[in-house]
Amino acid sequence: MCYFVACKSAFTSRSPIALPSFQSAAERIAAGLVLVFAGPSLLLLTLIVRLETQGPALTRNILRTRHHGAITVYAFKATRAGKLIERSGFNELPKLLDVVAGRYLLSPP
């Protein structure tokens, strides 16, 4: 299954839509602030997942973009506590790292 996401690599010269720099900057700032305030929760969830499983707490998923590019996003590993993590929405927080890095957008342009 292929998922299409909005990422900077999709907005190249082939694309008719140019990425607004204000939107990108605003999303990066907002994502950074959320990461600062959610940092302790992320560390706690990482510790819980590491105690339940072997190996890293995050899994890496490669998503395809509209223009045949690829973006790597991270999510917490599925565990017994994974149901709680998914219900609370905390499994989406690692994606904010990609937003801060400028490789992923929260909303399409």
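Below: a short report on this structure. (Residues numbered from 1 in each chain as written. Predicted model: local features only at pLDDT ≥ 70, side-chain atom pairs only at ≥ 80, totals over all residues. Heavy atoms only, no water.)

**Some thoughts on the overall build of the protein**
Next, step 1: A count of helical and extended segments in the protein gives three helices and three strands.
Next, step 2: Along the chain direction, N to C, the helices and strands of the protein fall in the order β-α-β-β-α-α.
Next, step 3: For the protein, with 109 residues in total, the buried portion stands at 35%.
Next, step 4: In the protein, the proportion of contacts linking residues at least 24 apart, taken out of those at least 6 apart, comes to 58%. (Helix = DSSP H or I, 4+ residues; strand = E, 2+ residues; numbered from the N terminus. Buried < 20%, exposed > 50% of the residue type's maximum accessible area, 1.4 Å probe, protein only. Contact = heavy atoms within 4.5 Å.)

**Some points on the side chain of K95**
Next, step 1: In this structure, K95 sits in helix α3 (residues 95–101).
Next, step 2: A polar atom in the side chain of K95 sits 2.8 Å from the side chain of E92.
Next, step 3: Residues within four places of K95 in sequence aside, it is in contact with V73, Y74 and Y104. (Polar contact = N/O pair within 3.5 Å; in protein donor to acceptor, adjacent residues only side chain to side chain.)

**Points about the pattern of salt bridges**
When the charged atoms of two side chains lie near each other, side chains of opposite charge can form a pair.
Next, step 1: With the rule as written, the count across this model stands at one salt bridge.
Next, step 2: Taking the shortest distance from any N to any O, the salt bridge between E92 and K95 comes out at 2.8 Å. (Salt bridge = Lys/Arg side-chain N within 4 Å of Asp/Glu carboxyl O.)

**Comments concerning the nonpolar core**
Next, step 1: Within the largest apolar cluster, 16 residues are counted, with the highest numbers of intra-cluster contacts made by F76 and L96.
Next, step 2: Elements with a minimum of two residues in this core: α1 (21–52), β3 (70–76) and α3.
Next, step 3: Counting residues per element, this core draws most heavily on α1, which supplies six residues.
Next, step 4: Sequence-distant contacts of F76, defined by excluding residues within four places in its chain, comprise L42, L45, T46, V49, A57, L58, T59, I85, F90, N91 and P94. (Core = buried A, V, L, I, M, F, W, Y, C linked by side-chain atoms within 4.5 Å.)

**Structural notes on the pairing of β3**
Next, step 1: In the sheet, strand β2 (residues 58–65) pairs with β3 via seven bridges, with the strands oriented antiparallel. The residue bridging R64 from the neighbouring strand is A70, located in β3.
Next, step 2: Counted between consecutive antiparallel strands, the loop separating β2 from β3 contains four residues, among which H68 sits at a positive phi close to 65 degrees. (Pairing = 2+ DSSP bridges.)

**As for the side chain of E27**
Next, step 1: Tracing the chain through its elements places E27 in helix α1.
Next, step 2: With no salt bridge to any partner, buried E27 finds its closest opposite charge in R28, at an N-O distance of 8.8 Å.
Next, step 3: Aside from chain neighbours lying at most four places away, what touches E27 is V99, L105, L106 and S107. (Lys, Arg positive; Asp, Glu negative; His and termini not counted.)

**A closer look at α1**
Since one α-helical turn is 3.6 residues long, residues separated by three or four positions face the same way.
Next, step 1: The principal kink in α1, of about 60 degrees, is found at A38, preceding the proline P40 by one to four residues.
Next, step 2: All of the buried residues in α1 are Q23, S24, E27, A31, L35, A38, G39, L42, L45 and V49.
Next, step 3: Of the surrounding elements, those touching the buried residues of α1 are β3, α2 (82–88) and α3. (Bend = angle between axes of the 7 residues up to and from the residue.)

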